[in-house]
Amino acid sequence: MNISTATIGYPRIGKSREVKKALESFWRNKITAESLLQTVKEVEEASWKTQAEAGIDRIGIGDATLYDRMLDWAVRLGLIPQRFQAFTGLERYFAMARGKEGTPALEMTKWFDTNYHYLVPEINSDITPKADFTGFIDIVKRGQAILGNKAVPIIIGSVTLLRLSRLEQVELGEFLNLLLPLYRSLLTELKALGIEEVQLHEPALVLGDAPSLKEHFQTVYTELATVGIDINLVTYFDDLGESYSWVRELPVAAISLDFTRGNNLDLIKQHGFPEDKRLGVGIVDGRNIWQIRTDKVLPLLSEIKTLTSNISLQPSASLQFVPYDATKEKQLPEQLRNVLSFAEQKLQEVRFLARTLSGDNPQIEQELTEDLINANWEAFYQFNPANDAVKAKVDNLSPQDFQRSLSYSLRIAKQIPLPPLPTTTIGSFPQTQEVRKLRLQFKKGNITESEYQQAIAAEIAKCIKIQEEIGLDVLVHGEFERTDMVEYFGQQLAGFAFTEHGWVQSYGSRYVRPPIIYGDVVRTAPMTLREYKIAQALTTKPVKGMLTGPVTILNWSFPRNDLSRRDQAFQIALALRSEVADLEQAGARIIQVDEPALREGLPLKLERWSDYLSWAVDAFRLATASVAPETQIHTHMCYCEFGDIIKDIERLDADVISIENSRSNNRTLQEVTEGGYSHQIGNGVYDIHSPVVPTTEQLVSQLKAGIANLPLQQIWVNPDCGLKTRCWEEVVPALKNMVEAAKELRDELKS
Ligand code: GLN
Ligand code: ZN
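Note that this is a predicted model, so its numbers are computed, not measured.

Colleague: Break down the overall build of the protein for me, with residues and values.
Modeller: Secondary structure summary: the protein contains 27 helices and 22 strands in total. With respect to the principal axes defined by its C-alpha atoms, the protein has extents near 80 × 65 × 50 Å. Evaluated residue by residue, the protein yields a buried proportion of 59% over its 751 residues. In the protein, once contacts between residues fewer than 6 apart in sequence are set aside, the share between residues at least 24 apart is 77%. Of the roughly 29,800 Å² of accessible surface on the protein, a fraction of 49% belongs to carbon and sulfur atoms.

Okay, structure coming up:
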């Protein structure tokens, strides 16, 4: 039996965030391009050595990037939209990534259902692909020098590249014909270098519309097979569904499948796996941070082993979605740290599984063993016993727990009276240097808790005063005490842990440290009450209570893998429900529960949407439905296209929703109206991502578009997202104009 090991991508941000630091220094003209490239190279080579030392047989190379891999391939293939053609080299690369004065960047969007964002190549009929693989070939040569024949170049497959691009007046199949010779020549060049195998990543094969791409895949892979280099066709994030039966016939040497998500095992059982191909078994979860559980993984592997004999064990996806090394998290309790598995630990797991499956003993003392893994988990559960009370609560929920006591149409008349077109904001106000310094001082212990709280109270007071002067109708406290809308809540809830070094890339130079949900979630004390009370005491205008919703907290964290996501969302929802009750008790007449991540959590395959939406919407309802009919519930979502889920949005049963709209030219609003949305809605009237202050006239016309689409009583007036990234000098005039625009329209409507 032949059991080898492989990787299909590795973190590329540097163990100490070297790439981020180098990028930002380069953008500030503090370091040269050579120095930036040198840093990237060092980080890349260090990761190759780590993988080689861990004993991986086939190491994926070529996925390191200055900003984004899709952008890299777009550039290598000459997919350069007209507006960037005046630039060259790095200037052009970063113009495409980040934009330049007068030259907007490529659009950015989420990479499948991950929290990573890629740049969307733009392809129109003016573009003729033209290859420049020199940079890539250099990487491959360096890889060969360091790794020998363990080096396996990673290439984004042509069908996936086009499927994820924005095609304008170009037909996918036609353009594919233009790309194919370029891919062919790349493989030929790699073969000439002595490369025996390449990975072609085609995750588009797991998307719901993959069956419609069948002929394209067949054409491309039949053609590439003639080069005579081994191809590993790599897929991840879900199963191949009905496409499996033809994918397995493609003329490639290996097929890599994800065995941590979807039903690939059943597909193989049903259709068999071709004996002449190697099966890449993505068995170690590349998307989560938990050590493998031998009682789950080993039986699964034994079963796979009975289905085909030539297998390779590997992470289920690139390890870019997890941090580097869990052993660095010294501040975490040992029992928790020992069951965490970041990239380096996952390499050891891959090795352990290959060894165990082929019946080999550990070669070195530190190598993982089954006993050690089991002991780690046992110690973890002893340290972190289940909270039976929470479990019982979730198990015993009844339909009334999800149901407001009065329906929307009956309760609105009881809610707080406001002028037509009420004005408000989404929650946060500018997080100035001083505010950030304040939080840091407190964290470092340089100021006492009471000093910190006084300073925050002063910020809140200033913010309330400014909002009153501007003339907004519904105020907020400003969120100065929050670093991040998820972290702030996680830090106060039992069951969450935070890493010191656990950075993962969100996009470009932006990295995040997702919280880890490790235990049952419980609220131990009020989380937002103090700030709400301070704010409300300063004004007779209503102040919104401000919370992050259960689905967003879950989706932006690393969840447990021993409890369903639904149950975890419900636990968080129960914690928030107590917070909502406290806010209401303290006099809040409006409470906003933000769910910006609800839409983006949708599963890749349509057939799984309804299950997700069902519990996700229920979780929101569980958090909010207990309030009296008089209490108005708001929610906020950004960057959403709602058309396809408008009925689910309505089922949230929020009284008011605020949405991002200004950048999509009222498309979102249109979708909402066409969907027959009957609750109130604040379609963001200006784009907070831009420093430009909108004029009153612009805002009036934006509002008029809203009024044309919806009955007046349904419309709120607000910016399209929180204001924390803006400065006061931008925010105050913009909001003044917004309030002015609302007033003008009110007057106009009166007369
Ligand atoms: N209330 C949050 C804020 O204003 C919402 C942020 C978001 O939508 N991502 O910052
Ligand atoms: Zn937002």
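Back to the text.
Colleague: Just give me the short version of the sheet that holds strand E19 (residues 632-637), but keep the residues and values in it.
Modeller: If you walk across this open sheet you meet the six strands as E17-E18-E19-E20-E21-E22, and the pairing is parallel. Edge positions in the sheet fall to strand E17 (544-548) and strand E22 (715-716), since each of these pairs with one other strand and no more. Taken together, the five bridges between E17 and strand E18 (residues 590-594) define a ladder with parallel strand orientation. Bridge pairing in E18 places Leu 547 opposite Val 593. Packed on one face of the sheet, helix H23 (residues 609-624) meets E18 and E19 and runs near 145 degrees to E19.

Colleague: Tell me about the nonpolar core, residues and numbers included.
Modeller: A general feature of soluble globular proteins is that nonpolar side chains tend to end up buried together. Counting 140 residues, the largest nonpolar core has Trp 111, Ile 155, Leu 190, Tyr 221, Leu 313 and Leu 353 as its most contacted members. Looking at which element gives the most residues to this core, the answer is helix H7 (residues 172-192), with ten residues. Excluding residues that lie within four positions of it along the chain, Tyr 221 makes contacts with Gly 157, Leu 200, Glu 202, Ile 231, Leu 233, Leu 250, Pro 251 and Val 252. Leu 493, Ala 569, Leu 583 and Ile 681 belong to the second-largest nonpolar core, a separate cluster that totals 96 residues.

Colleague: An account of unusual backbone geometry is needed here, citing residue identities and associated values.
Modeller: A positive phi angle, near 50 degrees, is found at Leu 421, a position not held by glycine. Relative to the elements of secondary structure, Leu 421 occurs in the loop between helix H16 (408-411) and helix H17 (433-443). The class for Leu 421 is buried, based on a relative accessible area of 0%. Positive phi is not limited to glycine here, since Asp 653 has a value of about 60 degrees. Relative to the helices and strands, Asp 653 resides in the loop between helix H24 (646-651) and strand E20 (656-659).

Colleague: Just give me the short version of helix H14 (residues 370-383), but keep the residues and values in it.
Modeller: For H14, with 14 residues, the first-to-last C-alpha span of 20 Å sits near the 20 Å given by 1.5 Å per residue. Taken together, the buried positions of H14 are occupied by Ile 373, Asn 376, Trp 377 and Phe 380. Taken down its axis, H14 places every buried residue within 90 degrees of arc, on the same side. Those residues of H14 that are exposed and aimed more than 90 degrees away from the buried face are Asp 371, Glu 378 and Gln 382. Residues of H14 that are buried in the fold lie against helix H11 (294-307), helix H12 (334-337), helix H13 (343-357) and strand E16 (516-523).

Colleague: Let's hear about the site of ligand 1: which residues, and what values?
Modeller: Surveying the vicinity of ligand 1 reveals the residues Ile 426, Gly 427, Ser 428, Glu 479, Met 485, Asp 594, Pro 596, His 636, Cys 638, Cys 721 and Gly 722. Backbone polar atom of Ile 426 to a nitrogen atom of ligand 1: 3.2 Å apart, as the coordinates give it. Isolated, ligand 1 exposes 300 Å² of accessible area, and the fraction of that covered by the protein chains is 90%. Classifying every residue of the shell around ligand 1 gives five nonpolar, four polar and two charged.

Colleague: Can you lay out the coordination of the zinc ion (ligand 2) for me, pointing to particular residues and giving the numbers?
Modeller: Within the protein, the atoms that donate to the zinc ion (ligand 2) are His 636 (NE2), Cys 638 (SG) and Cys 721 (SG), at distances of 2.0 to 2.4 Å. Around the zinc ion (ligand 2) sit four donor atoms; with metal-centred angles ranging over 88 to 124 degrees, the donor geometry is tetrahedral.

Colleague: Run through the packing of aromatic side chains, naming residues and quoting values.
Modeller: Aromatic ring pairs are described here by two measures, namely the spacing of the ring centres and the angle between the planes. A complete count under the given rule lists 26 aromatic pairs for this structure. Judged by centre distance (6.4 Å) and plane angle (55 degrees), the rings of Trp 73 and Phe 133 are tilted. Taken together, the residues span a long stretch of sequence, with Trp 73 in helix H3 (residues 69-76) and Phe 133 in the loop between strand E5 (122-124) and helix H5 (134-147) at a distance of 60 residues. We classify Phe 133 as buried; its relative accessible area is 7%.

Colleague: Quick rundown of the side chain of Ser 341? Include the residues and the values.
Modeller: Looking at the element boundaries, Ser 341 is found in the loop between H12 and H13. On the accessibility criterion, Ser 341 (0% relative accessible area) is buried. Discounting residues that sit within four places of it in the chain, Ser 341 has contacts with Asn 288, Ile 289, Trp 290, Gln 291, Ala 326, Lys 346 and Glu 349.

Colleague: Can you lay out the pairing of strand E12 (residues 310-315) for me, pointing to particular residues and giving the numbers?
Modeller: Counting buried residues in E12 gives five out of six residues, a clear majority hidden from the surface. Where strand E11 (residues 278-284) meets E12, five bridges bridge the pair, whose relative direction is parallel. The residue of E12 that forms the bridge with Leu 279 is Ile 311. Read from E11 through H11 to E12, the crossover connection turns out right-handed.

Colleague: Account for the environment of Glu 242, naming residues and giving values.
Modeller: In this structure, Glu 242 sits in the loop between strand E9 (230-234) and helix H9 (244-247). A sequence separation of 202 residues divides Glu 242 from Val 40, and the C-alpha atoms of the two residues are 40 Å apart.

Colleague: Break down the packing of helix H18 (residues 449-470) against helix H20 (residues 529-537) for me, citing the residues and quoting the values.
Modeller: One way to put it is that H18 packs onto H20 with a least axis distance of 9 Å and a crossing angle of 45 degrees. One finds that H18 runs oblique with respect to H20. Classified by chirality, the crossing of H20 by H18 is right-handed. Side by side, H18 and H20 meet where Gln 453, Ile 456, Ala 457, Ile 460 and Ile 464 of the first sit next to Arg 530, Glu 531, Ile 534 and Ala 535 of the second.

Colleague: Got a sec to walk through the pairing of strand E10 (residues 254-258)? Specific residues and values, please.
Modeller: Most of E10 is tucked away, with five of its five residues classed as buried. Taking every second residue as pointing to the same face, both faces of E10 are buried, with Ala 254, Ser 256 and Asp 258 on one and Ile 255 and Leu 257 on the other. Two strands pair when backbone bridges link them, and E9 and E10 are joined in this way by three bridges, in the parallel orientation. From the neighbouring strand, Asn 232 faces E10, where its bridge partner is Ala 254. Pairing of E10 with E11, which is carried by five bridges, proceeds in the parallel orientation. If you follow Ile 255 over to E11, its bridge partner there is Leu 279. As a crossover connection, the stretch from E10 through helix H10 (residues 264-271) into E11 is right-handed.

Rules used throughout
- Throughout, residues of each chain are indexed from 1 in the direction in which the sequence is written.
- Following the order in which they are written, the chains are lettered starting with A and the ligands numbered starting with 1.
- Local features in this predicted model are restricted to residues of pLDDT 70 or higher, and side-chain atom pairs are both shown and tallied only at a pLDDT of 80 or more, whereas totals for entire chains, interfaces and linings draw on every residue.
- By convention in this description, side-chain values take in all heavy atoms of the structure and omit both hydrogens and water.
- We count a stretch as a helix when DSSP gives it H or I for four or more residues in a row; a strand needs E for two or more, and each element gets its number in order from the N terminus.
- For each residue, the accessible area found with a 1.4 Å probe, counting protein chains only, is set against the maximum for its type, and the residue is called buried under 20%, exposed over 50%, and partly exposed in between.
- Any two residues having at least one pair of non-hydrogen atoms within 4.5 Å are treated as being in contact.
- Surface accessibility follows the Shrake-Rupley procedure with a 1.4 Å probe radius. Residue values consider only the protein chains on display as shielding.
- When DSSP finds two or more bridges between a pair of strands, those strands are recorded as paired.
- Comment: axis = line fitted to C-alpha atoms, over the contacting stretch for helices; angle = value between 0 and 180 degrees taken between N-to-C directions.
- Residues enter a nonpolar core if they are buried and are Ala, Val, Leu, Ile, Met, Phe, Trp, Tyr or Cys, with the set joined through side-chain atoms within 4.5 Å.
- Take the number of residues in a helix, subtract one, and multiply by 1.5 Å to get its expected span.
- This arc corresponds to the set of directions leading from the helix axis out to the C-beta atoms.
- Note on definitions. A residue lies near a molecule or strand when any single heavy atom of the residue is within 4 Å of it.
- Identification of polar contacts relies on pairs of N or O atoms within 3.5 Å, with a donor-acceptor requirement for protein atoms, meaning one able to donate a hydrogen and the other able to accept it, and with residues adjacent in sequence counted only if both atoms are side-chain atoms.
- In this classification, the charged set is Asp, Glu, Lys and Arg, the nonpolar set is Ala, Val, Leu, Ile, Met, Phe, Trp, Tyr, Cys and Pro, and all remaining amino acids, among them Gly, are polar.
- For Na, K and Ca the donor cut-off is 3.2 Å; for every other metal, N, O and S atoms count as donors within 2.8 Å. Water does not enter the count, which can leave sites looking incomplete.
- Every angle between 85 and 135 degrees makes a four-donor site tetrahedral, while opposite donors more than 155 degrees apart, with all other angles between 65 and 115, make a four-donor site square planar and a six-donor site octahedral; other sites are irregular.
- To pair, rings of Phe, Tyr and Trp, with the six-membered ring standing in for Trp, must have centres within 6.5 Å; the planes then decide the type, stacked if under 30 degrees apart, edge-to-face if over 60, and tilted in the middle.
- Crossovers are described as right-handed under a simple rule: with the strands pointing away from the observer, the path leading from the first strand over the helix to the second runs clockwise.
- Working definition: roughly parallel below 35 degrees, roughly antiparallel above 145 degrees, roughly perpendicular at 65 to 115 degrees, and oblique for all remaining angles.
- Handedness of a helix crossing follows the sense of rotation of the near helix relative to the far helix, less than a right angle counterclockwise being left-handed and clockwise being right-handed.

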